[in-house]
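Overview (structure and organization)
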Amino acid sequence: MNAYLHRSENRGHVKAGWLDTYHSFSFGSWYNPKYMGVSALRVINDDTIAAHNGFGTHPHDNMEILTCVLDGTISHKDSMGNEGQINAGEWQLMSAGTGVTHSEMNKHDKAVHLLQIWIQPNVQDAEPTYQQIHLNPKDHPNQWHLIAGDESAPMLIRQNAEVKTAVLEKDQQLEISAKKKVNYVHVISGEVMIADHVVKAGDALLFDETATITASQDSQMIWFDLP
């Protein structure tokens, strides 16, 4: 197996007031030329947002922006007219296209923990769109759940890619086989074995073959099947 293990400790860590964030790839003030993304995957930010704080209105264009809320609730508002909450166990996909402005605010009394993921689209300057689903893998563990992909997926992403998630209980196994070209598995919590690689919380493994993933402890992960 051709594989590369991206260790959690090699992520960028920025703690600035209300935001405590880990960057898997170069982002904002943290830059490392070794970590610029994988295939079309450009950003995985592991954000903890303090109570009554958040990201004020700001613009994006030509990026697929996926938000996974792990704990708490974030309030969303955008220039497309969407306004509401994203709760733990819910996923939001905002296809920025020709351009959109939005805010993500924690209006509650406890911190919010979320992942923000950016995937580069394979079409430029499309009409912006907004999608949101509830799909908590904790409700149905030990199986992959498709989050985003082509027209058959719960959310349509403008890229030849799939995003899946799973909660894997201790000693349980799942198979990983790329439909596209590249597998990138990011472990959110716990610890798993992929082939002979120990992949811990915050780590990710990049590989290009079929493999079996075994949970050393109860774990949650995201699998990116990339072109």
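Note on numbering: residues in each chain are counted from 1, in written sequence order. Since the coordinates come from a predicted model, pLDDT governs what is reported: local features require at least 70, and pairs of side-chain atoms require 80 or more to be given and counted, while whole-chain, interface and lining totals use all residues. Hydrogens and waters are ignored; side-chain quantities use all the structure's heavy atoms.

It is worth spelling out the layout of surface pockets at this point. Lining residues are those with an atom within 4 Å of a point, where the points come from a 1 Å grid over the protein atoms alone and group into cavities, where a 1.4 Å probe fits but cannot get out, or pockets, open sets with protein on both sides within 12 Å along at least five of seven lines. Grid points are joined across faces, edges and corners, and a volume is the space filled by probe spheres set on the points. If you add up the space inside the largest pocket, you get close to 200 Å³. Secondary structure elements are defined from DSSP: runs of H or I of at least 4 residues count as helices, runs of E of at least 2 residues count as strands, and each element is numbered from the N terminus. Residue assignment for the lining of the largest pocket shows that the elements contributing at least two residues are strand S2 (12–16), strand S3 (19–23), strand S4 (41–49) and strand S5 (53–60). With three residues, strand S6 (residues 64–71) is the largest single contributor of residues to the lining of the second largest pocket. Basically, the charged four are Asp, Glu, Lys and Arg, the nonpolar ten are Ala, Val, Leu, Ile, Met, Phe, Trp, Tyr, Cys and Pro, and anything else, Gly included, counts as polar. Classifying every residue of the lining of the second largest pocket by side-chain character gives eight nonpolar, five polar and one charged.

Below, the discussion takes up the UniProt feature "domain: Quercetin 2,3-dioxygenase C-terminal cupin" (unreviewed entry) in the chain. UniProt positions are given in the numbering used here, feature names are shortened, and annotations may be inferred rather than shown by experiment. The sites that UniProt annotates as "domain: Quercetin 2,3-dioxygenase C-terminal cupin" (unreviewed entry) are residues 152–226. The straight-line gap between the two end C-alpha atoms of residues 152–226 is 17 Å; of that span, 0% is helix and 61% is strand.

Moving on, we get to the sheet that holds strand S9 (residues 90–95). What makes two strands pair is DSSP finding at least two bridges between them. Taking strand neighbours across the sheet as the criterion, the seven strands line up as S2-S3-S4-S11-S6-S9-S12 in an open arrangement whose pairing is antiparallel. Because the sheet does not close on itself, it has two edges, and the strands there are S2 and strand S12 (129–134). Adjacent strand axes in the sheet meet at a mean angle of 15° when their direction is disregarded. Inter-axis angles, ranging from 0 to 180 degrees, are taken between N-to-C directions of lines fitted to C-alpha atoms, where helices are fitted over the stretch in contact.

What follows deals with unusual backbone geometry. Even without being glycine, Asp125 reaches a positive phi, approximately 55°. By the secondary structure assignment, Asp125 is in the loop between strand S11 (112–119) and S12. Under the scheme applied here, a residue whose accessible area is under 20% of the maximum for its type counts as buried, over 50% as exposed, and between as partly exposed, the area being computed with a 1.4 Å probe on protein chains only. In this structure Asp125 comes out as exposed when scored by relative accessible area, which is 51%. Positive phi is not limited to glycine here, since Asp171 has a value of about 75°. By the element assignment, Asp171 lies in the loop between strand S15 (162–168) and strand S16 (173–176).

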